[in-house]
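# What the coordinates show
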Amino acid sequence: MNANRFETFYDAVLAIVITILVLKIPQPLSPTWGAVFANSLNFSTYAIVFLAIINIWYNNHHLFQIFDEINNRALFAYGLSLFLTSLFPYFALWISTNLYSLTAETIFGIIIIFANLSHIIALFAVYGANGYNDRLENLNIKPIHILFPIIILILGFIISYTVYPPAIYVACLLSVVVSIIYNRVQREEFEDTERFEALIDAIVAIIITIIVLEIPLAANGSLGALLDLKLEFFAYIVSFIVVFNMWKLTYNVFALVNKINYNVIWSIATMLFFLSLIPYLTTFVSMNFHEFVPQFLYGLDFMIISICSFIGTYQMKRLDKSNVYLQKTFDNYNNLIITMVLTCIFIIIGYYYYPPIIIISCLLSISIQWIFFIKKINLLEIV
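Analysis parameters
- Residues numbered from 1 in each chain as written.
- Predicted model: local features only at pLDDT ≥ 70, side-chain atom pairs only at ≥ 80, totals over all residues.
- Heavy atoms only, no water.
- Helix = DSSP H or I, 4+ residues; strand = E, 2+ residues; numbered from the N terminus.
- Buried < 20%, exposed > 50% of the residue type's maximum accessible area, 1.4 Å probe, protein only.
- Contact = heavy atoms within 4.5 Å.
- Areas by Shrake-Rupley, 256 points an atom, 1.4 Å probe, with all protein chains shown as cover.
- Core = buried A, V, L, I, M, F, W, Y, C linked by side-chain atoms within 4.5 Å.
- Phe/Tyr/Trp six-rings, centres within 6.5 Å; stacked < 30°, edge-to-face > 60°.
- Expected span 1.5 Å × (residues − 1).
- Salt bridge = Lys/Arg side-chain N within 4 Å of Asp/Glu carboxyl O.
- Axes fitted to C-alpha atoms, helices over the stretch in contact; angles between N-to-C directions.
- Parallel < 35°, antiparallel > 145°, perpendicular 65-115°, else oblique.
- Left-handed = near helix turned anticlockwise from the far one by under 90°.
- Nonpolar A, V, L, I, M, F, W, Y, C, P; charged D, E, K, R; others polar.
- Polar contact = N/O pair within 3.5 Å; in protein donor to acceptor, adjacent residues only side chain to side chain.
- Patch = residues over 30% accessible without salt bridge, like charges linked within 9 Å, V, L, I, M, F, W, Y side chains within 5 Å.
- pLDDT = per-residue confidence, 0-100.

### What about the overall build of the chain?
- Counting its regular elements, the chain contains 18 helices and two strands.
- Counting the 383 residues in the chain, one finds 52% classified as buried.
- Partitioning the contacts of the chain with sequence separation of at least 6, the portion at a separation of at least 24 is 81%.
- About 17,900 Å² of surface is accessible on the chain, with carbon and sulfur atoms providing 68% of the total.

### As for the nonpolar core
- Of all hydrophobic cores here, the largest spans 107 residues; its most connected members are Y78, F196, L272, L275 and Y298.
- The greatest single-element share of this core, amounting to 12 residues, is contributed by helix α3 (residues 40–66).
- If sequence neighbours within four positions are ignored, L275 has contacts with V204, I207, V243, M246 and I305.
- Core analysis: the next-biggest nonpolar cluster, separate from the first, contains 10 residues, F292, L336, M340 and I358 among them.

### Focus on the packing of aromatic side chains
- Evaluation of the coordinates by the stated rule reveals 23 aromatic pairs.
- Ring centres of W57 and F196 lie 5.5 Å apart, and the angle between their planes is 40°; on these two criteria the pair is classed as tilted. One end of the pair, W57, is in helix α3; the other, F196, is in helix α10 (residues 194–213), with 139 residues separating them in the sequence.
- Take F196: its relative accessible area is 1%, and that puts it in the buried class.
- The rings of W33, F37, F292, F296, Y351 and Y352 are connected pair by pair, giving a single aromatic cluster.

### Looking at helix α15 (residues 292–319)
- Here α15 spans 41 Å end to end across 28 residues, near enough to the 40 Å set by a 1.5 Å rise per residue.
- When you tally the buried positions in α15, you get 21 out of 28 residues, the bulk of the element.

### Focus: the pattern of salt bridges
- Considering all chains together, one arrives at one salt bridge under this definition.
- Close ionic contact of D11 with R195 constitutes a salt bridge, the shortest N to O distance being 2.6 Å. Of the two residues, D11 is situated in helix α1 (residues 4–20) and R195 in helix α10; the sequence distance between them amounts to 184 residues.
- Accessibility expressed as a relative area gives 6% for D11, which makes it buried.
- Its relative accessible area of 8% is what places R195 among the buried residues.

### What to know about the packing of helix α12 (residues 230–254) against helix α14 (residues 278–287)
- Orientation of α12 relative to α14, taken along the N-to-C sense of each, is 155°, at an axis distance of 9 Å. Put simply, α12 runs roughly antiparallel to α14. For the element pair α12 and α14, the recorded crossing hand is right-handed. Mapping the contact onto sequence places L231, E232, A235, Y236, S239, V242 and V243 in α12 and I278, T282 and S286 in α14.
- Grouping the constituent residues of the contact of α12 with α14 by class yields six nonpolar, three polar and one charged.

### Re the side chain of Q295
- Its location among the elements puts Q295 in helix α15.
- Here Q295 falls in the buried class, since its relative accessible area comes to 0%.
- At 2.9 Å, the side chain of Q295 and the backbone oxygen of F289 are in polar contact.
- Non-local contacts of Q295, meaning those with residues more than four positions away in its chain, are made with V285, F289, P355, P356, I358 and I359.

### A few points about a nonpolar patch on the surface
- The grouping of Y100, L147, F148, I151, I154, L155, I158, I159, V163, Y164, V170 and L174 at the surface amounts to a nonpolar patch, some 1,100 Å² of accessible area in total.
- Of all the secondary-structure elements, those providing two or more residues to the nonpolar patch are α8 (143–162) and α9 (167–186).
- Looking at the nonpolar patch, the element that brings in the most residues is α8, giving seven residues.
- Counting through the fold element by element, I154 comes out in helix α8.
- Residue classification places I154 among the partly exposed residues on the basis of a relative accessible area of 43%.

### Points about the packing of α10 against helix α13 (residues 262–276)
- Where α10 meets α13, the axes come as close as 10 Å, and the angle between the chain directions of the two elements is 10°. In terms of axis orientation, α10 runs roughly parallel to α13. Packed against α10, whose contacting residues are F196, I200, I203, V204 and I207, the element α13 presents I265, I268, L272, L275 and S276 at the interface.
- Residue composition of the contact of α10 with α13, by class: nine nonpolar, one polar and no charged.

### What to know about the confidence of the model for the chain
- Residues with a pLDDT of 70 or more make up 87% of the chain, whose mean pLDDT is 83.
- No element of the chain has a lower mean pLDDT than helix α7 (residues 134–137), at 61, and none a higher one than α14, at 93.
- Per-residue pLDDT stays below 50 along residues 379–383; that stretch engages in four contacts with residues further than four places along the chain or on separate chains.

This is the structure we're talking about:
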């Protein structure tokens, strides 16, 4: 059985799980720092699960590029892995609200362990179905690298049941971090960028569509009831532009890129993490439009997204120094500097005078970015 269609399906499921995860985070009870920090455990849990899912995708990325065939045994194992991964959003919310519950800790840990085991089973099944594939044999995957995360999780169980109940939660984080570090040491390069582009497209498309789901329904069928939601729709419009702008940036960048590596993937993945917070922050802003804290968090998230995107382009330039067009297109970081300076200025204005100016500044920053970028492209075409 050809693996291409399964790769598309597999990536689509992971993209959906990643993006619906943010919908499980409850909104702060008030537009204050205290209410935001009261949600800190929910955010940290979301970050852990997001990292875990991206790491799952990364671990399979190189593998899927190498093997040609997938058999029913591998399909079953990957199907089980997807089932367990799809449970992450539900049980992540449960454990974040019951951190010291041994039951919640145990079930969450069991799901993570079995997700790892199903990946190992799928790996052996893929090897079995592609015994003739020399490139697959050259991967040199050592058992300790596969089993080490599971060993960490088992130690977490022991500590949870003897000393510190949240140890399983901590072990889940450590197991993800260890796996990420191991992948960093491998320093793999991937000449095929299409699968990563498809993942970006899927995540961004879902983010855009779930933003509108957060807009409440008008109280009745009158125009007045619809106009009562004008701030909600304005926040949605701004967020749509912000998210679409990031997609457009990745589209233009990957049109120039010939290869990617670990640094590129994780830079863009970090950008996607903060981009996935846009639906949550859009609701927070629209519910408290004239309050500083929601507006500040939206502006801060916008700045971090911009920083991550430029780190991604910087890593691409480092990786592909012979790509003249890529080097010239991103030969300076004036856009980033302008975005940072403008947003910081408007955050100060928002703090002292008018908080909604912060979300408006995001539109201004995007407009200036594109003026500079289009001028750069036109100059390069002339040259």
